[in-house]
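# Architecture at a glance
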Amino acid sequence: MEMPECPVCLQSYDSEYTIPRVLACGHTCCESCLLNLPHKFPDTIRCPACTVLVKYPPQGPSSLPKNIDLLRLIDPDPQKPHNNPKNFNSAPHLDFIPRTWSDEFYSLWKEYILPQDAVLVELKSGEDGGACFGCLSQSRSQRVSLVQVGSLISDDDSVFKYSYVVRVIKCLNGMKEEEVDELRFILRGSSKVSKLCRVLGLWGDVADGSLCIVCERMNQSLLESLGALIDEDGMGNDGLFGLAMMGMEMCEALIGFNQQGLILGCLGFSCFSFDDFGHVFVDLNEVLVIGRKIVKSVVEVGCGGRRIGDKEMGVLLSDLLKRNLFFSPELLFQLLKKEGIEAESGETGHLVGYGSDVWSLACILLGLLIGRKFNEELVHYICFVSTKAGEENSLGMYMGWVEKVSSLLENKIGSEFVSLQQMFCQCLNFDSGNRPLLTDVWREDYRQRKKDGLLAVENCNGTAIDQTGETGVTKDLVEGLTEGNIKFKDMQGHLDCVTGLAVGGEPLPASLWKSLPIQTMVGLPFFRNPGKPSAYESEGGSCLAPHLINQSMYGHCSNYLLCAYVQDFSHVHTFKGHEHKVMAVVYVDEEQPLCISGDSGGGIFVWSTSFPLGQEPIKKWNEPKDWRYSGIHALASLGKYLYTGSGDKTIKVWSLLDGALSCTMNGHKSVVSTLAVCNGVLYSGSWDGTIRLWSLSDHSLLTVLEEVSMGNVYSVLSLTANQHTIVAAHENGSIKVL
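Calculation criteria
Residues numbered from 1 in each chain as written. Predicted model: local features only at pLDDT ≥ 70, side-chain atom pairs only at ≥ 80, totals over all residues. Heavy atoms only, no water. Axes fitted to C-alpha atoms, helices over the stretch in contact; angles between N-to-C directions. Helix = DSSP H or I, 4+ residues; strand = E, 2+ residues; numbered from the N terminus. Parallel < 35°, antiparallel > 145°, perpendicular 65-115°, else oblique. Left-handed = near helix turned anticlockwise from the far one by under 90°. Contact = heavy atoms within 4.5 Å. Nonpolar A, V, L, I, M, F, W, Y, C, P; charged D, E, K, R; others polar. Pairing = 2+ DSSP bridges. Salt bridge = Lys/Arg side-chain N within 4 Å of Asp/Glu carboxyl O. Buried < 20%, exposed > 50% of the residue type's maximum accessible area, 1.4 Å probe, protein only.

## As for the packing of helix α9 (residues 310–322) against helix α10 (residues 329–338)
Helices that pack against each other are described as a pair by the angle of their axes relative to one another and the distance between those axes. Relative orientation of the contacting elements α9 and α10 amounts to 120°, with a least axis distance of 13 Å. Comparing their axes, α10 and α9 come out oblique. Judged by the sense of rotation from one axis to the other, the crossing of α9 with α10 is right-handed. Contact residues: Met313, Leu316 and Leu317 in α9; Leu332, Phe333 and Leu336 in α10. Of the residues in the contact of α9 with α10, the class split is six nonpolar, no polar and no charged.

Next comes the structure, spelled out in structure tokens:
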């Protein structure tokens with residue numbers, strides 16, 4: 001008979017080394033593994049067998065009960081040797097490979113190292129320092145790019161075979177200190193930047209001995225989408241709305257880098273990509289590749305520290321600009337200085353800073369707007385300056401080029417966009433300190449969006465749809481939403497603030513959908529969307545019933561619910577019955593699809609979302625009333641149970657079969673404002689600023705997060721959770737990821 005073994009280390013249990021300890025969920029794991037498993041939340045641990053979050057004693061796993069039944073199955077022969085490589089305290093430890101790094105160095109880098117089999121390389125780079133392309137082995141649809149940052153050590157001449165992780169760590173440990181610091185700064189800072197293609201980590205390609213940064217790769221690059229416009233006449237006046245949208249998102253990405261202390265310094269069109277919804281993201285690997293191309297060209301011209309003349313400088317710059325590689329003047333001169341190359345024209349006297357990214361971004365936007373004429377004019381200016389160096393004032397020639405760019409802009413977009421022309425000219429200022437901030441560029445793009453039709457929605461054919469128009473929706477709008485070309489749609493019908501949303505249900509039959517009248521009803525409107533899930537809304541005293549897998553329900557500060565069909569967002573039905581304002585709504589898809597709403601008076605209403613939709617609830621009940629508190633604020637469901645967060649600071653568990661109260665959970669010090677259920681854990685947020693985790697097996701408290709002993713308390717207004725992450729929105733406008 002096979003002996004039972006630990007699910008983590010796969011070692012057979014025994015009474016000395018691999019001691020079986022029982023968790024609250026009933027599963028067993030050895031004591032040494034429990035010591036080394038990660039503890040993301042205090043006093044809790046995630047069971048390695050069922051992944052449920054359970055209580056963990058502060059004294060450690062030795063306080064957990066032993067699994068006596070398993071110990072009885074163990075061979076009692078004391079002469080039998082024990083194989084226990086996981087028991088770090090008892091088993092002898094041999095350092096076969098001398099380590100040259102500290103434990104602190106290892107702990108800093110291990111989180112960035114991807115597994116050896118994480119990436120499949122599909123296309124090698126055709127040039128030195130270029131990017132390779134591939135996909136994740138666990139998700140072939142997730143494309144990635146790889147850029148080499150180091151070389152793995154070889155173990156061919158060693159007696160011992162180094163493990164994959166050891167080879168990566170030795171590679172990092174062998175780099176120069178400034179290189180390691182820069183790499184870690186990039187990895188750590190990029191994780192906090194929005195509008196950035198995710199940096200997945202470091203991966204060692206054992207086949208060719210390279211260590212690479214791995215970044216996700218979007219489906220379409222800016223060059224693939226707009227390359228024809230860049231090579232021809234640009235976007236022009238008709239494309240100002242789209243340019244402003246892209247400009248804002250580019251600014252947001254660069255602002256995120258600057259906030260982390262990172263300056264990109266150089267940009268190209270290949271640095272930007274579009275996601276499936278048309279949003280612009282920065283590809284960090286492409287930025288690194290462009291930087292390497294610029295450094296390589298500078299070094300080749302300088303030939304190891306010699307003095308270069310103005311004509312050679314002109315050839316260098318012209319070559320780089322023809323390849324659409326943009327970098328500010330001060331960055332070039334600092335790079336020359338770093339490589340020990342002396343320029344005949346001297347130095348600019350200006351420092352590299354956040355303004356350097358403004359210059360590069362302005363060139364990108366001007367290239368999109370004007371097209372090839374902008375690049376041609378820039379190259380022409382470089383060639384002219386290199387031939388006239390010493391004969392004329394260089395700064396005066398530079399200002400002449402800026403005036404030429406302004407003239408091109410006026411011819412392209414007309415004289416009504418004076419502020420935009422001025423902004424671009426300021427971005428190209430030779431003095432980096434006098435350039436506008438990225439936030440100022442963002443504001444100007446925002447003004448152009450409003451001026452050029454922000455208040456209209458563009459469909460996939462470019463036709464404007466006025467939000468204030470009729471409720472009816474065209475086929476173009478639906479297709480535009482599917483393709484990500486529609487930014488928003490305003491659905492009217494509620495008379496007060498919308499307090500809740502839920503989506504779910506079965507697809508609405510075409511025969512019923514065609515026969516449904518499109519009308520607005522006082523109370524809770526139902527909007528329909530053929531072939532998509534329905535949305536349910538609640539309005540003060542009303543709630544939205546989710547139906548047909550394509551209906552939407554909305555809750556608002558009235559006493560009714562609106563149901564909408566998600567395909568064309570037309571109003572389908574209104575549920576009426578609440579006497580108080582509806583505070584929360586949830587969709588339940590068990591044996592019978594239901595929409596459940598809760599109001600400020602403590603009323604809980606259950607609505608059927610099966611056709612035909614009725615006006616009356618199929619079931620309703622009230623929680624015990626207390627005039628001091630404000631009823632139900634949050635709803636969540638799992639199986640045949642409904643969880644309510646109330647103004648009386650409690651969480652109540654109700655049976656959906658008969659509406660009976662099953663359990664009450666106490667602990668919050670103020671209104672329970674939001675609830676979420678995930679993987680056997682109930683997450684509750686409150687106006688007291690805390691998030692509490694409850695076990696759904698016995699409704700006991702697991703742990704408390706965000707507890708504030710003194711100072712300002714910011715209410716938790718909403719939260720969502722998955723197995724590894726909690727995202728909470730607070731009253732002060734902050735969103736925290738735990």
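Resuming the write-up.
## Overview of the sheet that holds strand β26 (residues 619–622)
Reading across from one edge, β23-β24-β25-β26 is the order of the four strands in this open sheet, with antiparallel pairing throughout. Across the chains shown, the open sheet's two edge strands, defined by having one partner strand only, are β23 (582–589) and β26. Geometrically, the sheet is characterised by an average inter-axis angle of 15° between neighbouring strands, direction not taken into account. Of the strand pairs in this sheet, strand β25 (residues 603–608) and β26 are connected by four bridges, and their pairing is antiparallel. Within β26, the residue paired with Gly603 across the bridge is Asn622.

## A word on the pattern of salt bridges
Within this structure, the stated rule accounts for 12 salt bridges. Between Asp205 and Lys124 there is a salt bridge; the shortest N-O distance is 2.9 Å. Note that Asp205 is positioned in strand β8 (residues 199–205) and Lys124 in the loop between β5 (119–123) and β6 (131–136), a separation of 81 residues in sequence. On the basis of relative accessibility, which here comes to 8%, the residue Asp205 falls in the buried class. A salt bridge links Glu330 to Arg435; the nearest nitrogen and oxygen atoms lie 2.7 Å apart. Taken together, the residues span a long stretch of sequence, with Glu330 in helix α10 and Arg435 in the loop between α14 (418–427) and α15 (438–451) at a distance of 105 residues. Among the residues examined, Arg435 registers a relative accessible area of 6% and is labelled buried. A single salt-bridge network, built from bridges that share partners, covers Lys124, Asp205 and Asp208.

Any link to function would need more than the numbers given here.
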